[in-house]
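Structure assessment
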Amino acid sequence: MFSFKLSAHDKAARTGTITTPHGSIHTPSFIPVGTLATVKGISVDDLRQIGSQVIIANTYHLHLQPGEDLIETMGGLHQFMGWDGPIITDSGGFQIFSLGAAKEHGVGKIASIFPYGKNHGGHISSKQGKSLVKLDEDGVEFISYRNGSRHRFTPEGVIEIERKLGADIILVLDECTSPFHDYEYTSRAMERTHRWAIRALNEFKHTSIKSQALFGIIQGGAYQDLRERSAQFISGQDFDGYAIGGSLGKSTKEMHQVLDWTIPALPTDKPRHLLGIGEIEDIFEVISRGIDLFDCVLPTRLARTGTLFTKEAERFRIHIRNEQYTNDPRPVENGCDCYTCRNFSRAYLRHLIMANELLAVQLASIHNLYFLESLMRRIRTAIQEKKLAELKKEWFPKA
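What you see is a predicted model, and the numbers here were worked out from it, not measured in a lab.

**A look at the pairing of strand 13 (residues 272-275)**
- Burial along strand 13 is two-sided: R272 and L274 facing one way and H273 and L275 facing the other are all buried.
- Where strand 12 (residues 241-244) and strand 13 come together, three bridges link them in parallel fashion. When the sheet's bridge partners are listed, Y242 is paired in strand 13 with R272.
- Regarding the hand of the β-α-β motif, the stretch spanning strand 12, helix 10 (residues 252-262) and strand 13 is right-handed.
- Of the pairings in the sheet, the one linking strand 13 to strand 14 (residues 293-296) comprises three bridges and is parallel in character. Its bridge partner being in strand 14, L275 is matched across the sheet by D295.

**Description of helix 8 (residues 183-206)**
- Its 24 residues place the ends of helix 8 35 Å apart at the C-alpha level, agreeing with the 34 Å of an ideal helix rising 1.5 Å per residue.
- All buried positions along helix 8 are accounted for by T186, S187, A189, M190, R192, T193, H194, W196, A197, A200, L201 and F204.
- Packing partners of the buried residues in helix 8 comprise strand 7 (133-135), helix 7 (155-165), strand 10 (169-171), strand 11 (213-218) and helix 9 (224-235).

**Let's talk about the pattern of salt bridges**
- For the coordinates displayed, the defined rule picks out 27 salt bridges.
- Linking E137 and R192 is a salt bridge whose minimum nitrogen-to-oxygen distance equals 3.9 Å. Here the residue E137 occupies a position in the loop between strand 7 and strand 8 (140-143), and R192 occupies one in helix 8, the gap between them amounting to 55 residues.
- For D138, the salt bridge is made with R199, and the minimal N-O distance between the two is 3.4 Å. A residue pair is termed long-range when its members are at least 10 positions apart, and D138 in the loop between strand 7 and strand 8 and R199 in helix 8 qualify at 61 residues.
- Because the salt bridges share partners, they merge into one network encompassing D136, D138, R152, E156 and R199.

**Digging into unusual backbone geometry**
- In this chain, T27 is followed by P28 through a cis amide linkage whose omega measures 0°.
- Mapped onto the fold, P28 is located in the loop between strand 3 (23-27) and strand 4 (29-32).
- Going from Q65 to P66, the amide bond is cis rather than trans, its omega being 5°.
- Its place among the elements puts P66 in the loop between helix 2 (59-64) and helix 3 (68-73).
- Positioned with a positive phi, F316 is a non-glycine residue whose angle comes to about 60°.
- In this fold, F316 is placed in the loop between strand 15 (307-309) and strand 16 (317-319).
- Taking the relative accessible area as the measure of exposure, F316 reaches 9% and is therefore buried.
- Of note, K386 is a non-glycine position whose phi angle comes to about 55°, a positive value.
- With respect to the secondary-structure elements, K386 resides in the loop between helix 15 (358-384) and helix 16 (388-395).

Parameters and conventions
Residues numbered from 1 in each chain as written. Predicted model: local features only at pLDDT ≥ 70, side-chain atom pairs only at ≥ 80, totals over all residues. Heavy atoms only, no water. Buried < 20%, exposed > 50% of the residue type's maximum accessible area, 1.4 Å probe, protein only. Helix = DSSP H or I, 4+ residues; strand = E, 2+ residues; numbered from the N terminus. Pairing = 2+ DSSP bridges. Right-handed = clockwise from strand over helix to strand, strands pointing away. Expected span 1.5 Å × (residues − 1). Contact = heavy atoms within 4.5 Å. Salt bridge = Lys/Arg side-chain N within 4 Å of Asp/Glu carboxyl O.

Note that every value here comes from positions in space, so none of it alone points to a role or purpose.
See below:
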């Protein structure tokens, strides 16, 4: 029911097809984030029109609301949310991390995931606080951000939850580390992630459902020997694919190093998923290194602030709240064929966002996701034609 077939290479970059019970994913592919069985601000019909191939939901959040038992009685995630395409569920390791070490260290998913990066100010977030997580060898206990109730995740328990959710691809529970964790802590967390991976894999095989695939997660922070050891260990197990998670370093440069250490240790015949990357520059960099799948909340999160992708602007984005767009009759992106650009002006979008109209979020999200899907289609074609370097030069002429 699950398979992966490569079709073309351009140096390390590659195209292929992942086949799942709910359809195919042409890779490389960007994955919209549907944390709570919805991509914020848009419908599944919007996603189909955009051309989205797959979404990723979150086990941690769905466990807390509405609960895996309810979703199972509703026929699983696909039927529950009305999406007939492939679905991935993350295990919730990052979300538990965000209640623990991330809270203590002040690092987050977007703005400060690379605290020393060129676009992130080189500082730790002011949102530091006490950890809400208690972690041990068996699993992790955490306090719900919704109502203060206590919950416990174990590798086996998370597999059971994901079985009930019914996604096509599910991820194991891992211990995610911070860019500020030292070598010793990162090493211990990696070894625990490996032990948890074996327990999760055993549970997965014991409760085998042929329609699901299981990905292992590679940890090791920004330490070369740990990343290489983790890649070798996880790829030596009987997983259907691999996710690269945890701390990717303190800057995008360190992230590139992490991938350069990790990917050569992975077999070529299984898909590779990089967790949490969505900047345009990063997309080119990770694909050129052989990443097949990646997800990020960035397109829809930016949309909710009135920030829209466009190729012509600095960092490929404009902030529609700016006064200069008050009387601007142009679409967000000239030549863009998304619903938003075909029908509405920048002036109208600015009016909606300034008036706090809900339609603003929908239209902005449609555009941002379509922008990335359009780029992905061009990237797949460029790899097939062995012209990825030329396409990157088009987008980054000064590089």
